[in-house]
Amino acid sequence: MRRPRPFSRAEIDALSKAKILGVRSGTDHRFTGVWVVVADDRVFVRSWNDKPTGWYRAFRKEPQGSIRIGSDEIPVRARPVRSERLQRVVSVAYARKYPTKASEKWVHGFAEPAREATTIELVRA
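Novice: What exactly am I supposed to notice about the side chain of Ser66 here?
Specialist: With respect to the helices and strands, the residue Ser66 is situated in strand β5 (residues 64-69). Under the relative-accessibility criterion, Ser66 is labelled buried at 4%. For Ser66, the side chain forms a polar contact with the side chain of Glu73, separated by 3.3 Å. Residues contacting Ser66, with those up to four places away along its chain left out, are Gly22, Val23, Arg24, Phe31, Glu73, Ile74, Pro75 and Val76.

Novice: For this particular structure, what's the right way to read the packing of aromatic side chains?
Specialist: The geometry of an aromatic ring pair comes down to the distance between the two centres and the angle between the two planes. Counted by the stated rule, this structure contains nine aromatic pairs. Among the aromatic residues, those joined into a ring-pair cluster are Trp35, Trp48, Tyr94, Tyr98, Trp106 and Phe110. Over the ring of Phe31 we find Arg68, and its NZ or CZ is 4.0 Å from the ring centre. Positioned above the aromatic ring of Trp48 is the side chain of Arg115, whose terminal nitrogen or guanidinium carbon lies 3.6 Å from the ring centre.

Novice: Sorry if this is basic, but what is going on with the environment of Lys101 here?
Specialist: With respect to the helices and strands, Lys101 occurs in the loop between α3 (84-97) and α4 (104-110). Note on Lys101: relative accessible area 68%, which makes it exposed. Taking the C-alpha atoms as reference points, Lys101 and Glu121, separated by 20 residues in sequence, lie 26 Å from one another.

Novice: Is there a simple way to think about unusual backbone geometry in this case?
Specialist: In terms of backbone geometry, most residues other than glycine have negative phi values and most peptide bonds are trans. For Asp40, which is not glycine, the phi dihedral falls at a positive 55°. Among the secondary structure elements, Asp40 is positioned in the loop between β3 (36-39) and β4 (42-45). The exposed category is assigned to Asp40, whose relative accessible area is 68%. Even without glycine at this site, Asp41 takes up a positive phi of about 60°. Within the fold, Asp41 resides in the loop between β3 and β4.

Rules of the game
Residues numbered from 1 in each chain as written. Predicted model: local features only at pLDDT ≥ 70, side-chain atom pairs only at ≥ 80, totals over all residues. Heavy atoms only, no water. Helix = DSSP H or I, 4+ residues; strand = E, 2+ residues; numbered from the N terminus. Buried < 20%, exposed > 50% of the residue type's maximum accessible area, 1.4 Å probe, protein only. Polar contact = N/O pair within 3.5 Å; in protein donor to acceptor, adjacent residues only side chain to side chain. Contact = heavy atoms within 4.5 Å. Phe/Tyr/Trp six-rings, centres within 6.5 Å; stacked < 30°, edge-to-face > 60°. Lys NZ or Arg CZ within 6 Å of the ring centre and 35° of its normal.

Here you go:
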């Protein structure tokens, strides 16, 4: 298997600053806005609810997809994160990136084990 090309420094910076990221599995789905975090220059997203027709299940079924940063569309591959240590790192990254009172409910919810288990790393395809 080919090693994926890493995101560029400019892309990592844009993803670090982006509050919402458009993600799409395959090419037939619409883009869905999700919270995105960067930890150790790696890009992660997490599902709030694991609906059968949601973006998370779509990526589990079809890991190839794309993200939208501004007007740029970048092909990606979704990789489930199985490491509990890395899942906790991502939970901390969410808390740091979304520190407002309005975000508190979501940040705490994202740290629940069932939601941590839906963590996906996005890598360039």
